[in-house]
Structure formats: C-alpha cells, structure tokens
Amino acid sequence: MSAKRSVRGSLANYLLALIAIFSLNFVLPRMMPGDPLQAIYGQEALVAMTPQMEAALIQKFSLDQPWSSQLYAYISGLFEGDLGYSYYFRDQVSAVILGALPWTLILTGSALILATSLGIVLGMESGYRRGGSLDRGLIAGLIFISGFPDFFVGIVLLLIFGVSLGIAPLYGSITPYSGETGLAYLLDILHHLALPLASLVLVQLGAVYLLTRNTMVVVLKERFVLTARAKGCTDRAVRYRHAGRNSLLPVITATGIRLPQLITGALFIEIVFSYPGVGLLLSTALDARDYPLIQGILLLVTVAVLTANCGVDLLYRRLDPRVRHAR
Amino acid sequence: MVTPGAAMLEIRDLVVSYHGSRVLSDVNLRLEYGDSMAIIGESGAGKTTLGLAIMGFSEGTTSGQICWQGRDLLRLPEEDMRSLRGKVVAMVFQNVEDALNPVLNIHDQVKEAMTVHRNGPGHAASARAFGLLEAVGLDHERAKSFPHQLSGGERQRALIAMALANDPDILILDEPTASLDSVTKGDVIEILRAAASDKISLVITHDISTAASLSKKMAVLYAGTIVEMGRTEDLLKNPRHPYTRGLIRSYPNMTTTKDLQGIPGRMDREADGCPFHRRCTQRTDICSRLPPSMQETNGRLIACHRGGIVPLLKLRGITKSFGQREVLSNVSLTVLEGETLAVVGESGCGKTTLARITIGLCDPDRGDVLFEDETLRVRGLEFYRKVQMIYQNPAESLSHRMSVLDLVREPLDVQRLGGRQEREASVRKALDDVELPSDDRFLARYPHQLSGGEAQRVAIARAMVLQPKLLIADEPTSALDASIQAKILRLLQNLQEKRGLSMLFITHDLALARKVSDRIAVLHRGMLVEEGPASQVVSSPAHPYTRCLLEQAARLDATIGSPGVESSAGRGAAAQDRDRWIGAAAVNR
Ligand code: SF4
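Throughout this description, residue numbers start from 1 for each chain and increase along the sequence as written. Lettering for chains starts from A, numbering for ligands starts from 1, and both go in the order in which the items are written. Reporting in this predicted model follows two pLDDT cut-offs: at least 70 for local features of residues, and 80 or more for side-chain atom pairs to be given and counted; totals over whole chains, interfaces and linings ignore these cut-offs and use all residues. With hydrogens and water stripped out, all remaining heavy atoms of the structure feed into the side-chain values.

Draft legend 1. Spatial organisation of the environment of Ser215 of chain B. Residue and element names in this part refer to chain B. Within the secondary structure layout, Ser215 lies in the loop between α8 (208-214) and β9 (217-222). Three labels apply to residues, based on accessible area from a 1.4 Å probe with only protein chains included: buried if under 20% of the type maximum, exposed if over 50%, partly exposed otherwise in between. With a relative accessible area of 9%, Ser215 lands in the buried category. Spatially, the C-alpha atoms of Ser215 and Ala196 are 9.6 Å apart, while their sequence positions differ by 19 residues. Only heavy atoms matter for contacts: two residues are in contact if any of them lie within 4.5 Å across the pair. Excluding anything up to four places from it in sequence, Ser215 contacts Ser36, Met37, Ala38 and Thr232. In terms of polar contacts, Ser215 uses its side chain to reach the backbone carbonyl oxygen of Ala211, at 2.7 Å. Two N or O atoms form a polar contact when they lie within 3.5 Å of each other; inside protein one atom must be a possible hydrogen donor and the other a possible acceptor, and for residues adjacent in sequence the pair counts only when both atoms belong to side chains. Only 3.0 Å separates the side chain of Ser215 from the side chain of Thr232, close enough to count as a polar contact. Only DSSP runs of H or I reaching four residues or more are called helices, and only runs of E reaching two or more are called strands; each is numbered from the N terminus.

Given below as structure tokens:
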C-alpha cells in the first residue's frame, strides 16, 4: 500500500518538474522586452523573414491572441511534436533533432552502460582484494585518467589512434558514401564509435569504480558477510550476491546524479570527433544562433535527464527492499 | 549417523594471536555427540575468537589443532573448509542489526544455506527453508519478509533456522539470546535446546543464565585461557576458581541471593604467570611468575597454583559444654578465601560461642581450629593480624577513654607495625576505607561523640587497619537502625570485594544472611543442621528448623531494625575481652 503510494508520489514529482520546464519555455520568451517573435526566433531569423512568413508565424503562435490562446497553441504544438522551425537547416526542429538523436543515444547509452558495468565489476573485485596489487594499480590509474576533462582525453586518443597510428577514423559516425549494408555497415559504425566511446568511458569509469570499491570495502565489514561465509557461500557468491548487491545501491543513486555530467561530456566529445549527434548539432545551432533549435535541444536534454533519473529511481526500488517496503 | 564417541571435536593447544598478542592461549577441549558446552567469560576474554577459529575464520596466526573426524580444521585448504561451513559446522550469530543480508528475504537466505552445498534440488531446498522457518516460529508471510521488517527476536529465529538448514554436526551459538526480551529469550532457548540435543553444541556467552540452560558442561575463559571447567550445575553452584566465583557473583540472576559484587581491576592479557593474578586476592609469589597448569580433581578442571579457592578457616568437630549443658556438639565448618559464611541460629544456639572459640576467647573441649591449614594451639600476634572481630554493640568494643585515632591505631601499636607516621597514615587510610572522615578533628573525637553508625564504622576500621584475612562479625548491625544497617553491610561487602576478605558472619536473621553471604550454616541447639549455598538454603531449605527460621525472617523483614535479642556471653564480656584478643602482648600490659 504505502509502497505504491510512494512510487506514485515520486512519479508526480517528475511530472511536476516536467511541467515547470515546459512552462518556463513558454513564459520566458514572452516575458522578454520587445517583440516575442524576435525573442523566440532571434534577430537574424527575423531579418531573413518575409512579411508573409512573419504573419504566418504570428498566426501560428497566436501571438496576437490573449495568453490563454497562446498557451493552448503552445501545448497543442507540443503534442504534435512541433518544436518550431530551424532557419539554419530549413526544416522542422523536431526533424533536425531526430536526425542527430540516434547517434547521441548510441554514444551516451553505450558509454553509460559500459562505464557503469565496468566500473562496478572492477570496483567490486578491487574492493574485495583491498590492498592487493590489482586494487592499488586500478586506483592509481583510474584516478589519474578521470582527472582530465573528457575532450582532452578525446583529443589525446584521437592524436594517438587516429593521427599517429591511423587505425581509427578521424571524424564522423560512418564512412560517407561507402554504401555499405548489413554487418559491414555495423562494423563501420562501431569503428567510428570506438574512440569517442572510449574517451567517454575512460573518464566516467573512475567515479563509478571508486564509489563501488569504497562501498564494497565498507560492506565487506558488515556482519551479514560473515553470516554468508558461515553458511558456506563461495567467494563468488559472497562477493556478488551478498557484498556486491549491497554495494550497488549507492552506485545506482550516483548514476542518476552523474547523468547530466555524462551528457555535457558527450557534447564536447561529439565536437572533438565531429560525431553527428545532438552535441554537434547544438554547437552548430549556437554558431548560427538558431534559437528554436537551441531551445528544442535543451528541452530534449532536460526531459532525457529527468526520464533517466526516474528510471534510476525505479531500479533502486527494485534492488533495495528497505525502500520498496518502507515501514 | 555416526556412532556416539566415534566422531568428536577435539581442540588441542589452540593458540590464536593477533599482531603478536595472544587472544587465546592453550585451549584444550573435547566434545562428543550430544555434548553441550558453554564458554563463559567477560567480553574480550576470547570467546568469539574461539568460535570463529572452529569455523575457520581465524584472522590472526594460529597454532595447535582443531580436529574433526581425523582432520585438522586449522590446516584445511580454504575450499575444503568452505564445504564444511554451514554443513558440518554451523554458527548461530547474535541478532545484531546487520547479521542478515538486507536486500534478500529471509526465506531466500535460509534456502541459500542449502543450495550452496547443492543439498538437493532447488525446490526441495525452498520447501525445507519454509519448514525450518515454520519450526522456529516464522510463518510463510514472515519468511517472505526482509530483515528490516522483522523484530530482533524474529531475526534471531531466522539465524537459527539458517544454521540448522543442513543439520550440522557441530553447532556454535554466539550470544544467541543477547538483546532479546525475557519471553522471547525463553522461546529461543527452547528452540535451541531441542535443536542441539543430537549435536555437538558450543554456547559462547557472557549470559550465565543462557549458558546454564543450554549446556551440560561449562568452561570459564579468562584472558584467552580456560581457568575452570566442569559440569555446568556443579560449577555454578560451587565455583572453585576465584575468577569463576567473581564472575558468578557479579551476574544478576534469580538463584543467587547475595547482593552483586564486582571483581576489582581489569582484564590484562599481557600478564605473566596466572592471567588472573593481578585481580586475585589469594595470589602467592609463584602466581606472577608461572602460568598454572590445568589440574583435574573430581571431574573439575582448574588452572590455579593453589588448586582454586583455598580454605582459610576450618573448624573440625568442635564440641563445647558449659557445665552440664553442651553448647556445641561436633560442629565442622570451612570458610573459604574471599567468601562470606553466615552462621545463623536463634539465641542460645551456640553461634557466639563458636565465634569466641574461633578467635580464641575460649577453648573447645574437643575439636580443632585450623587457619591456613595449620592447627591453632596458641594464638600469637601473627594470628591476630590476620583474624579480627567486630561486635554487635560498638560501644562495648570501643573504650570510651580513647580518641578515634588511638582506637584505630591501637592494633598497630600492639603489633608494633611501622613508625609513628606510618601508623597514622594507616589509620587515616582505614577510616577512608570505611567511609569516615579522616581529618584531625574527627581523629580527636571520643566514642560518646559518635553516632551509632559512626561508632560501628570506627570499630570496623579498627579491625581492618591490620588488613586481616578473616573478619568475624558477630551481629555487627543488629544494634543499628535499618538504613545504617544497610550501609554497614554494603561497606563490608565493598571491603570484601577490594581485599578478598573472608567473613564469618554471625546472625540470627536469615533474611540478612541471605543478602550478605555466599554460604549459610544453620545452627540449632549446638548442632549444625544445614549448610549450603545461600540461595539453596533459602530457596529449598532441607531442615524443618531452617524453614521455621525462614518464616520468622519473613516476618522480621517487616519490622527490620528491631534490635537483636542476642543474649550471649559475648556481649558483656566483649569489653573485657577486647584487650586480650587484640594481641597476646596486650595481656601483659
Ligand atoms: S591463586 Fe594464583 S594461580 Fe590461582 S587464581 Fe589466584 S593468581 Fe591465579
């Protein structure tokens, strides 16, 4: 009963946050001094606009109508997936973003999964062998690497593997005009993904690893570990099922907190590797002052972070019965 | 199953040390099927280390052997030891907050105990886990709960079910009833008793009552060494090692009636010789030099150079008549070092005569008085330095012509102990000990300026200034009112605790005797009708006369403070006799 209520409670929290973001997106341009159309579309777009287009836009946003009609127009626009028109790309913002999104999803998604799972496994093993050579080596190495900013690691990797060794492509997500299909196409994607992914993972890994390792060291001292060993559990069972599963909990929480950081990291990495994802798109939009596109991307990123956090919350609930069955 | 006797757990010369300091030294134990042994001792004595060593969890360096079916568990490769854990040797842990994995439900945790040993198919293990939990009183719904949803008692039950999962041969119970309320504790003990009956069980606890109800044998661990071992019942009723007695005395329970006493000092692992010697009140030179070896007498093992608590005073076949009337007939008693023996009886039963014979105020017609194993014929200065007496009425033992200083110093003067200043320092110390002021103003007072309680304290200080080994107290509080009586009794017990003083406590009041004594002897018409541990005499008196005294005591309790009705010869004679027993030399003065 109470558990369900608290799930509903936290879902409501996420919904509220979402509404707040959309409201801000609606209110801010309209509160700016001067022409709201200028605030929404920016100076340059306005100059390039014909009077007909301007009239059409005013009509579209109901800018000549009272606030309530404007709100209605805004909401119905959102539901149709209408985020506005990108002047730079001469296309709907949603279409432009959708074109870049898969690459970013592949990059950040696999970076998140790889960094987290690798960090957890390394952290558990290292914490279990506390003070051993594996433990000491990993601590030193990963702390060293995670001290650098993402783009720096990216540049170094690019210089070594791309420029000097020439075994990795220098830019892009696929080889243009190669026309490959099937497995060859997939390998080509992976080939292009390798370096940006590696730089993201390398930098993200340290935090997950350290947190898991330190939690593991603490959890191993708890009495239930002795209980588990006393019933004859194998080393593996003690490490993963007992100590490991309990060490996971703070790591999951931290993952939620780490997400925005991962996304900003990806943004820079995409720029370094000219990887055609949302990050590169944002940089282009910033250069071109394509306001609707910038706004659309920021909106998407916020929604993504919120959704991911919500997912982490639900996962935590599954893993920790103390939250699930809170007394 | 294995035939009884064929399989046994034998621990030989087990030594465990961490960072060079010994946590366990030379532990030897032999346990067969059906044996249940309790290991008792203070925290830090090494009890848990012993349990963990048997489980193969020793972290320090170990030597010696833990043998099970011809295999030395200490030398077993980890993988072999792991396969024994939980299957052959299992441990019930204390129900501390984190003893169970917080993210797994308890059914799964119990089930795991079986699946890790591939003990049958998964669904069978699951069913058995539910069965086990049911047997310890956790229904299906509780079984599906997570540890944080359970009470301490329920967690303890779950831990028991887990340990029993593979029907192990050796069951180690580590403080199995700690932090449980008394009803739950009773339930848990019942469950454990039933579970352990066909196994070898080892209960590790500081809780003597739990140990008593779960074991047939008992070993007392002190600073990593077993100091006494024997049958549980005997050992608790008649502890023979000074430490065991102290441990039992300091434990509150329903069967000892004496007020609680602690053991002075702290445990010291690094001590040479007998580990207990710094706290022992009967130590001799050898105790600090050589560790005592384990000696067996009548099925009791004791590690003590002096064979356990030594008898200080023995009365053998004392018979005494005044004219035609036989006051004492064939009375034999023993007072052990550091204990209080109460001699209880109504007036005229001969108890005061017994005290007078002991101190040497009159001679028995027949029988011997032995002090420190020597028959006393003439009592010299030496004797009076070790044996002192206090009377019912302090006014009679304190000369009204002497100041407090003179009164307390007199025994020192007679014994010619120390110089003038040392004597005065001893006087002040003695007054401090009896919780009286020791300033010059008080020292200059005379007995008539003192209250009854103060006067009795001065009398006690006077007796204690020589640091005697035995104090004979003849109705020491019956002339005082109830609250002062309580304080004086408390004081005497403190002195006993601090000094290991033995006391022969003469009283008509069984209720009082019960509170201050370890053992009680009941005298009736000059005959010893009953003798035993205070709790036993009071709770199940064997002689009708004792029962009669008990009824009186209950009534007397209500009107406590009414002065005693003792009309012994001692009362009037006390003042005259005083100088005589202070020392033979005094007679010549
Ligand atoms: S008499 Fe000596 S050996 Fe015995 S307990 Fe006391 S100190 Fe130890």
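Text resumes after the structure shown.
Draft legend 2. Geometry of the packing of helix α6 (residues 93-128) of chain A against helix α12 (residues 278-288) of chain A. All names here are of chain A. The convention used is that axes are lines fitted to C-alpha atoms, helices contributing only their stretch in contact, and that angles between N-to-C directions extend from 0 to 180 degrees. Packing of α6 against α12 brings their axes to within 7 Å, and their N-to-C directions diverge by 140°. Classified by the interaxial angle, the pair formed by α6 and α12 is oblique. Touching Val96, Ile97, Ala100, Leu101 and Thr104 of α6 are Val278, Gly279 and Leu281, all from α12. The classification used treats Ala, Val, Leu, Ile, Met, Phe, Trp, Tyr, Cys and Pro as nonpolar, Asp, Glu, Lys and Arg as charged, and all other residues, Gly among them, as polar. Broken down by class, the residue content of the contact of α6 with α12 amounts to six nonpolar, two polar and no charged. Each angle receives one of four descriptions, namely roughly parallel if under 35 degrees, roughly antiparallel if over 145, roughly perpendicular if within 65 to 115, and oblique otherwise.

Draft legend 3. Representation of the domain arrangement of chain A within the structure. All names here are of chain A. Here the bounds of each domain stem from an automatic or database domain assignment. Domains assigned within chain A are domain 1 (3-92) and domain 2 (100-324). Contacts between domain 1 and domain 2 engage 22 residues on the former and 20 residues on the latter. Between domain 1 and domain 2, the buried area comes to about 1800 Å², and carbon and sulfur atoms account for 69% of it. Defined here as a combined quantity, buried area equals the accessible surface (1.4 Å probe) lost by two parts on assembly, summed across both. Among the residues of domain 1 in contact with domain 2, Tyr14, Ile21 and Asn25 are the three that bury the most area, contributing 27% of the side total. Criterion for a salt bridge: a side-chain nitrogen of Lys or Arg within 4 Å of a carboxyl oxygen of Asp or Glu. On the surface where domain 1 and domain 2 come into contact, there are zero salt bridges. Every element with two or more residues in the side of domain 1 that touches domain 2 is listed here: α1 (2-31), α2 (36-41) and β1 (85-86). Among the elements that take part in the side of domain 1 that touches domain 2, α1 stands out by supplying 12 residues, more than any other. Its residues placed into classes, the side of domain 1 that touches domain 2 shows 16 nonpolar, five polar and one charged.

Draft legend 4. Summary view of helix α7 (residues 182-196) of chain B. Residue and element names in this part refer to chain B. Taking 1.5 Å of rise per residue, the 15 residues of α7 would be expected to cover 21 Å, and the 21 Å separating its terminal C-alpha atoms lies within 8% of that figure. Every buried residue of α7 is accounted for by Thr184, Lys185, Val188, Ile189, Ile191, Leu192, Ala195 and Ala196. Buried residues of α7, viewed axially, fall in a sector of 165°; they line one side. Among the exposed residues of α7, those oriented more than 90 degrees off its buried face are Ser182, Val183 and Ala194. Those residues of α7 that are buried are in contact with α6 (152-164), β7 (170-174), β8 (200-205) and α8. By the N-cap criterion, in which a side-chain oxygen at the helix start approaches the backbone nitrogen of a residue two or three places on, α7 is capped by Asp181, the distance to Val183 being 3.1 Å. The span one expects for a helix is its residue count, reduced by one, times 1.5 Å. The arc in question is the one traced by the directions running from the helix axis out to the C-beta atoms.

Draft legend 5. Inspection of the nonpolar core at higher detail. Residue and element names in this part refer to chain B. Among the buried residues, those of types Ala, Val, Leu, Ile, Met, Phe, Trp, Tyr and Cys that are joined through side-chain atoms within 4.5 Å form a nonpolar core. Membership of the largest hydrophobic core comes to 54 residues, with the highest contact counts inside it found for Ile40, Val110, Leu133, Ile160, Leu171 and Tyr243. With seven residues, α6 is the single largest residue contributor to this core. One finds Val344, Met402, Leu443 and Ala473 within the second-largest nonpolar core, a separate group that totals 51 residues.

Draft legend 6. Region of the structure containing the pairing of strand β12 (residues 300-303) of chain B. Residue and element names in this part refer to chain B. At least two bridges found by DSSP between two strands are what make those strands a pair. Bridge analysis of strand β10 (residues 225-231) against β12 gives two bridges, and the strand direction is antiparallel. From the neighbouring strand, Glu228 faces β12, where its bridge partner is Ile302. With four bridges connecting them, strand β11 (residues 294-297) and β12 associate as antiparallel partners. Note that in β12 the partner of Thr297 across the bridge is Arg300. Count of turn residues in the β11/β12 antiparallel hairpin: two residues, of which Asn298 carries a positive phi of about 50°.

Draft legend 7. Representation of the packing of helix α8 (residues 150-164) of chain A against helix α11 (residues 235-272) of chain A in the model. Residue and element names in this part refer to chain A. Orientation of α8 relative to α11, taken along the N-to-C sense of each, is 30°, at an axis distance of 8 Å. Regarding the angle of α8 to α11, the classification is roughly parallel. The crossing of α8 and α11 is right-handed. Of the residues in α11, those touching α8 at Asp150, Phe151, Gly154, Ile155 and Leu158 are Gly265, Phe268, Ile269 and Val272. Across the contact of α8 with α11, the residue classes tally to six nonpolar, two polar and one charged. The sense of a crossing depends on the near helix, which, turned anticlockwise from the far helix by less than a right angle, makes the crossing left-handed and, turned clockwise, makes it right-handed.

Draft legend 8. Broad picture of unusual backbone geometry. Residue and element names in this part refer to chain B. Even without a glycine there, the phi angle at Asp13 is positive, about 45°. Following the sequence through the fold, Asp13 ends up in strand β1 (residues 8-18). Look at Asp26: it is not a glycine, yet its phi comes out positive at around 50°. Looking at the element boundaries, Asp26 is found in strand β2 (residues 21-32).

Draft legend 9. Up close: the packing of aromatic side chains. Residue and element names in this part refer to chain A. Paired rings are identified among Phe, Tyr and Trp, the last through its six-membered ring, by centres lying within 6.5 Å, and are further divided according to the angle between planes into stacked (under 30 degrees), edge-to-face (over 60) and tilted (the rest). Here the structure, examined in full by the defined rule, presents 10 aromatic pairs over all chains. Plain terms: the ring middles of Phe144 and Phe148 are 5.3 Å apart, the flat faces sit at 90° to each other, and that makes the pair edge-to-face. Given the relative accessible area of 30%, Phe148 is considered partly exposed. Members of the aromatic cluster, joined through ring pairs, are Phe144, Phe148 and Phe152. In this scheme, the term charge over a ring applies when either NZ of a lysine or CZ of an arginine sits within 6 Å of the ring centre and within 35 degrees of the ring normal. Over the face of the ring belonging to Tyr128 we find Arg239, whose NZ or CZ atom lies 4.6 Å from the ring centre.

Draft legend 10. Quick look at the interface of chain B and chain A. Facing 27 residues of chain B, the contacting portion of chain A comprises 24 residues. Taken together, the two surfaces of chain B and chain A that pack against each other cover about 2400 Å², and 58% of this comes from carbon and sulfur. Remark: the boundary between chain B and chain A carries two salt bridges. In this structure, Glu112 of chain B engages Arg241 of chain A in a salt bridge whose closest nitrogen and oxygen atoms are separated by 3.3 Å. Across the contact surface, chain B and chain A share 12 residue pairs in polar contact (both at pLDDT 80 or more). Contributing elements (two or more residues each) for the side of chain B that touches chain A: α1 (47-55), α3 (106-115) and α6 of chain B. Among the elements that make up the side of chain B that touches chain A, the one with the highest residue count is α3 of chain B (three residues).

Draft legend 11. Spotlight on the sheet that holds strand β22 (residues 527-533) of chain B. All names here are of chain B. Read across the open sheet, the six strands follow the order β18-β19-β20-β15-β21-β22; overall the sheet is mixed. One side of each edge strand has no neighbouring strand; the edge strands of this open sheet are β18 (387-390) and β22. Looking at each pair of strands side by side, their axes are set apart by 15° on average, direction ignored. Along the sheet face, helix α17 (residues 452-464) touches β18 and β19 (470-474) and points at about 170° away from the line of β18.

Draft legend 12. How the structure looks around the side chain of Thr319 of chain B. Residues and elements named next belong to chain B. With respect to the helices and strands, the residue Thr319 is situated in strand β13 (residues 311-322). Of the polar contacts made by the side chain of Thr319, one reaches the backbone nitrogen of Asn330; its length is 3.0 Å. When residues no more than four places from it in sequence are discounted, the contact partners of Thr319 are Glu326, Leu328, Ser329, Asn330, Pro364, Asp365 and Arg366.

Draft legend 13. How the structure looks around the confidence of the model for chain B. All names here are of chain B. Known as pLDDT, the predictor's per-residue confidence is scaled from 0 to 100. The predicted model of chain B averages 85 in pLDDT, with 91% of residues at 70 or higher. Low pLDDT, under 50, characterises residues 1-5; the predicted model gives this stretch six contacts beyond four residues in sequence or across chains. In the model, residues 559-589 has pLDDT below 50 throughout and makes 61 contacts with residues more than four positions away in sequence or in other chains.

Draft legend 14. Quick look at the sheet that holds strand β3 (residues 36-40) of chain B. Residues and elements named next belong to chain B. In spatial order, the strands read β6-β7-β8-β3-β9-β10-β12-β11; together these eight strands make up an open sheet with mixed pairing. The open sheet has two free edges, formed respectively by β6 (89-92) and β11, since each of these has just one partner strand. Within this sheet the neighbouring strands show an average axis-to-axis angle of 20°, counted without direction. Across the face of the sheet, α6 comes into contact with β6 and β7 while running at roughly 180° to β6.

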